[in-house]
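Structural overview for review
One-letter residues, chain by chain:
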Amino acid sequence: MIGTDPHPSPLPAGEGTIGTALHSGPFPTGEGAADRNVLDLSKVCVQFDGLAVLDELDFSMKRGELRFLIGPNGAGKTTMLDVITGRTRPTSGKVTYNGIVDTARHREHELVKLGIGRKFQTPTVFHSLTVYENFEVAAAYKQTLPMLFADLPARTRERIEKVLDTVGLSGRRNDQAGILPHGELQWLEIGLLLAQDPKLLLLDEPVAGMTRPERDKTGQILRSIAGSHSILVVEHDMAFVREFATTVTVLHLGKVLSEGSVQEVQNDPRVIEVYLGHRHEREGEHASG
Ligand SMILES: Nc1ncnc2c1ncn2[C@@H]1O[C@H](COP(=O)(O)OP(=O)(O)O)[C@@H](O)[C@H]1O
Ligand SMILES: [Mg+2]
């Protein structure tokens, strides 16, 4: 269903949607807005079949932060993203977005409109369209029906240019998305996500399958959009984490095991124990076939 949202949201959705976040300040201002956390999880529990996957999880992130989330398989990382985006409802506990939004009171698509963007969940890339046409489709996303058939306003076009520049695809605008190599396709997806004007970006393993130069460029893109956006990145690639993370949160058994700089968490005996334990398990698995 296409139409204007009759309910004004606590966060301005952004008129043209594209690049409002790149133009305006990092976040809408308001009383106490500057020191608000973008995200607070308080004693969040999720159970599947009676098993605790998130176990009284407490987690906070400041606005503008680029935070990395790591942890062994099954730690609950994806479930945590599912809870933040409203895909999975906590069994108990509370998730607060932007200091004021109780996410339990909103459905998944409403949280997208409120500025929580997740890669893989956004309209996916149309392979038969050019890079630029993909942005045009994304720009029409929140427009009223007549807008879909009108030329995009000059201001929106300017914003598309900014996003293209941010993700390094200006020179690719007329190429069909389907011919882009893996890395550029991922940047296009990140760009299309930015086109929806999110305040909080959730990325699950964005550098999986990338070459080293692609990985480094992705890190640079994330750095360049941090500050004006808050970004939570789930990542397995430790080389990438070491290079680009400032603060890392380690999740284990549905709880925060450790948090701090890369150095701090790497030297944390609890983290070493968990990762070594897992390596031994895996070696054991290989050994047994
Ligand atoms: N929909 C589901 N139903 C039942 N169990 C699930 C479901 N989703 C995840 N799990 C279980 O929850 C645990 C955590 O999964 P997940 O959040 O995907 O971990 P991670 O992303 O850290 O690898 C795993 O043991 C997984 O099998
Ligand atoms: Mg996962």
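Just above, that's the structure.
A brief report on the enclosed structure follows. Here the structure is a predicted model, which means the values were calculated and not measured.

Here we look at helix H6 (residues 154–166)
- Taking 1.5 Å of rise per residue, the 13 residues of H6 would be expected to cover 18 Å, and the 19 Å separating its terminal C-alpha atoms lies within 8% of that figure.
- Among the residues of H6, those classed as buried are Thr156, Arg159, Ile160, Val163 and Leu164. The buried side chains of H6 occupy one side of the element, clustering within an arc of 145 degrees when seen end-on.
- Positive backbone phi, at 70 degrees, marks Gly168, one or two positions downstream of H6.

What about the site of ligand 1?
- Around ligand 1, the neighbouring residues are Phe48, Val53, Gly71, Asn73, Gly74, Ala75, Gly76, Lys77, Thr78 and Thr79.
- Considering only residue class, the shell around ligand 1 consists of three nonpolar, six polar and one charged.

Looking at the sheet that holds strand E5 (residues 101–102)
- Taken together, four strands build an open sheet; the order of strands is E2-E1-E4-E5 and the sheet is antiparallel. A single partner strand is all that each edge strand has here, and the edge strands are strand E2 (51–62) and E5.
- Relative to E5, strand E4 (residues 92–97) runs antiparallel, the two being bridged by two bridges. Each residue of the ladder has a partner; that of Tyr97, found in E5, is Val101.
- Helix-sheet contacts for helix H2 (residues 77–84) involve strand E1 (37–48), E2 and E4, and the interaxial angle to E2 is about 65 degrees.

Re the sheet that holds strand E6 (residues 116–118)
- Strand order across the open sheet formed by six strands is E6-E7-E8-E3-E9-E10, with mixed pairing between neighbours. Looking along the sheet, the strands with just one partner apiece sit at the ends: E6 and strand E10 (255–260). Within this sheet the neighbouring strands show an average axis-to-axis angle of 20 degrees, counted without direction.
- With three bridges joining them, E6 and strand E7 (residues 200–204) adopt parallel strand pairing. The residue bridging Gly117 from the neighbouring strand is Leu201, located in E7.

As for unusual backbone geometry
- One non-glycine residue, Glu56, lies in positive phi territory at about 50 degrees.
- Here Glu56 is to be found in strand E2.
- The class of Glu56 is partly exposed, set by 14 C-beta atoms lying within 10 Å.
- Although it is not a glycine, Asp197 adopts a positive phi angle of roughly 60 degrees.
- Assignment of secondary structure puts Asp197 in the loop between helix H7 (182–195) and E7.

Focus: the environment of Gln186
- With respect to the secondary-structure elements, Gln186 resides in helix H7.
- Using a count of 24 C-beta atoms within 10 Å as the deciding quantity, one classes Gln186 as buried.
- Residues Gln186 and Val167 lie 19 residues apart in sequence; the distance between their C-alpha atoms is 9.5 Å.
- Excluding residues within four positions of it along the chain, Gln186 makes contact with Pro206 and Thr218.

Regarding H2
- Burial of H2 is extensive: seven of the eight residues sit out of reach of the surface.
- For H2, the complete set of buried residues consists of Lys77, Thr79, Met80, Leu81, Asp82, Val83 and Ile84.
- Residue Gly86 follows H2 closely and has a positive phi angle near 80 degrees.

A few points about the environment of Thr246
- Structurally, the position occupied by Thr246 is in the loop between helix H9 (238–244) and strand E9 (247–252).
- The spacing of Thr246 and Leu66 is 180 residues in sequence and 7.4 Å in space, taken between C-alpha atoms.
- When sequence neighbours within four positions are dropped, the list of residues in contact with Thr246 reads Leu66 and Ser261.

Parameters at a glance
- Residue numbers run consecutively from 1 along every chain, following the written order of its sequence.
- Chains and ligands are labelled by the order in which they are written, letters from A for the one and numbers from 1 for the other.
- For a predicted model such as this one, the threshold for reporting local features is a pLDDT of at least 70, and the threshold for listing and counting side-chain atom pairs is 80 or more; totals across whole chains, interfaces and linings nevertheless cover every residue.
- A run of H or I in DSSP becomes a helix once it reaches four residues, and a run of E becomes a strand once it reaches two; helices and strands are each numbered from the N terminus.
- Here the expected length of a helix is defined as 1.5 Å per residue gap, with one fewer gap than residues.
- Partly exposed residues are those falling between the two cut-offs: more than 12 but fewer than 20 other C-beta atoms within 10 Å of their own, whereas 20 or more means buried and 12 or fewer means exposed, with C-beta atoms placed from the backbone.
- Relevant arc is that of directions from the helix axis to the C-beta atoms, nothing else.
- Nearness here is judged by the C-beta atom: place it from the backbone, and if it falls within 6 Å of a molecule or strand, the residue counts as near that partner.
- Three classes are used, and their members are as follows: Ala, Val, Leu, Ile, Met, Phe, Trp, Tyr, Cys and Pro are nonpolar, Asp, Glu, Lys and Arg are charged, and the others, Gly among them, are polar.
- Here the rule is simple: two strands pair whenever DSSP picks up at least two bridges between them.
- Here, residue contact means that the backbone-derived C-beta atoms of the two residues sit within 7 Å.
- Axis definition: a line fit to C-alpha positions, over the contact stretch in the case of helices; interaxial angles, taken between N-to-C directions, run 0 to 180 degrees.

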